[in-house]
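Residue strings, one per chain:
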Amino acid sequence: MEQEITKSGMITICGRPNVGKSTLTNCLVGEKIAIVTNKPQTTRNRICAVLNRKGTQFVFLDTPGLIQARTKLGDYMVKVVENSVADVDAVMLLVEPIPNVGGPERALIERIQRLGAPSILVINKIDTLAHKEELLAVIAAYQAVYSFDAVIPISAKKGDGVEELLDTLDGYLQPGPQLFPADMVTDQPERQVMAEILREKLLLCLEHEIPHGTAVEITRFSERIDSGIIDVDATIYCEKNSHKGIIIGKQGAMLKKISSLARTDMERFMGTKVYLQTWVKVKENWRDNPNLIRNFGYRDE
C-alpha cells in the first residue's frame, strides 16, 4: 500500500549547460524524463519531474543551462531559467567540482540571493575526482561568494549522495496534499516526450551546430485500438538545405539510424510497440521566429 502524501513542494535544479541537470533529474525519479547528451543546450524547456518518497511528493524543475542568448529561442531559454528560480520551496545550484565560481554560477547566485530562496549547493561529478579532498577547495570557493544552506557532493551518473540530497531537500517542503497524481512522473504530454526523445538522437548522432538548429514536431500520436501499437509521425525541422541532406544521410542511412534509436526509447517510455515515421523539412531561421518557437512547444510560463 502506498504511503499517503502529507508533504509536498517544488524544487528547481539550475546550473550552467552540460553540468548534469537532466542526468540528476532522471536519477532522482528513477526514470528517463529529461533527454541527456554531452552537448550544451540539450534542455530547452522547463521539465517537471515527480517523485513520491516517504510520504513526500517532490516536484523537480529541470531547467535549461544559463546561456548567453544569441537568438529568440535563446532569450526564451534564459527567461525559463530566471522564472523557475522564483516561487519555489528550494533551489539547487548544480556545479562541477572546479574550485572557481564562473560567470553563469555568479548570475544564478545573484538571482537566488535577490529572491531569498532557500538554496543548496550540489557539487556533481565527484566520481571524476582523483582525491575527495579536492572538494574542500571547491566548497571554499563557493562559500566565499555565497552562504548556501547546505552543500551536498554527488555523482548523478552513479547515484552517489542522492539519498542524502533527498533527505536534505525533504526539510524544505511544506505540509500539504500532493500536487500531482501518484502515478505521474512528469507533466510533459506524451507527444512532447516523443519529440524530445527524437531530438536527443539528433544531438547524439549529428556534429557541430546542425543539431542545435533542429526542432521536432509530432504531427500524429495515436494508439491502435486492436493492438495497442502507438503510431507517431514526426517532422524534423532544420535551418538549411545542406543540413537536411546531412540529417537524411546517404540513401537515408542517418535518418534511419536516428529514427531507430528514437523508436527504441519511445517504446521503453510508452511500454508498448511504436511505429515511427519521420520527415525532414527546412525552416530557415526558425530560432528567431516567435511563432515557430511556440509551435514547436517552447512557450512562456
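Predicted model, so just to flag it, every value in this text is computed and none were measured. (Residues numbered from 1 in each chain as written. Predicted model: local features only at pLDDT ≥ 70, side-chain atom pairs only at ≥ 80, totals over all residues. Heavy atoms only, no water.)

Draft legend 1. View of the pattern of salt bridges. As enumerated under the stated definition, the model contains 13 salt bridges in all. Lys 125 is paired through a salt bridge with Glu 96; the nearest N and O atoms lie 2.7 Å apart. Residue Lys 125 is located in the loop between β5 (119–123) and α4 (135–143), and its partner Glu 96 is located in the loop between β4 (90–95) and α3 (103–115); the two are separated by 29 residues in the primary sequence. For Arg 220, the salt bridge goes to Asp 233, with nearest N and O atoms at 3.3 Å. With Arg 220 in strand β8 (residues 215–223) and Asp 233 in strand β9 (residues 230–238), this pair connects stretches of sequence that are 13 residues apart. One network of salt bridges, with partners in common, ties together Arg 53, Lys 54, Glu 163 and Asp 167. (Salt bridge = Lys/Arg side-chain N within 4 Å of Asp/Glu carboxyl O. Helix = DSSP H or I, 4+ residues; strand = E, 2+ residues; numbered from the N terminus.)

Draft legend 2. Structural detail: the environment of Lys 256. You can see Lys 256 is positioned in helix α8 (residues 253–270). Its relative accessible area of 61% is what places Lys 256 among the exposed residues. Taking C-alpha positions, Lys 256 is 8.8 Å from Thr 278, a pair spaced 22 residues apart along the chain. (Buried < 20%, exposed > 50% of the residue type's maximum accessible area, 1.4 Å probe, protein only.)

Draft legend 3. Representation of the pairing of strand β1 (residues 7–14). Where burial is concerned, most of β1 is hidden: six out of the eight residues are buried. Where β1 meets strand β3 (residues 56–62), seven bridges bridge the pair, whose relative direction is parallel. When the bridges of β3 are listed, Ile 13 appears paired with Asp 62. In this sheet, strand β7 (residues 174–175) lies alongside β1 in antiparallel orientation, the contact comprising two bridges. Pairing of Lys 7 across the sheet is with Pro 175, part of β7. (Pairing = 2+ DSSP bridges.)

Draft legend 4. Highlighting the packing of helix α6 (residues 190–205) against α8. Across the interface, α6 lies against α8 with an axial gap of 9 Å and an inter-helix angle of 140°. In terms of axis orientation, α6 runs oblique to α8. The two elements α6 and α8 meet at a crossing, and its hand is right-handed. Contacts between α6 and α8 involve Glu 190, Val 193, Met 194, Ile 197, Leu 198, Glu 200, Lys 201, Leu 202 and Cys 205 on the former and, on the latter, Met 254, Lys 257, Ile 258, Leu 261, Ala 262, Asp 265, Met 266, Phe 269 and Met 270. Its residues assigned to classes, the contact of α6 with α8 shows 13 nonpolar, no polar and five charged. (Axes fitted to C-alpha atoms, helices over the stretch in contact; angles between N-to-C directions. Parallel < 35°, antiparallel > 145°, perpendicular 65-115°, else oblique. Left-handed = near helix turned anticlockwise from the far one by under 90°. Contact = heavy atoms within 4.5 Å. Nonpolar A, V, L, I, M, F, W, Y, C, P; charged D, E, K, R; others polar.)

Draft legend 5. Focus on the confidence of the model for the protein. Here the protein averages 80 in pLDDT, while 80% of its residues score no lower than 70. For the protein, helix α2 (residues 72–84) is the element with the lowest average pLDDT, namely 44, and strand β6 (residues 150–153) is the one with the highest, namely 95. Segment residues 39–44 is flagged for pLDDT under 50; beyond a separation of four residues in sequence, or across chains, it makes 37 contacts in the model. Under a pLDDT of 50 for its full length, residues 65–78 has, in the predicted model, 41 contacts with residues more than four places off or in other chains. (pLDDT = per-residue confidence, 0-100.)

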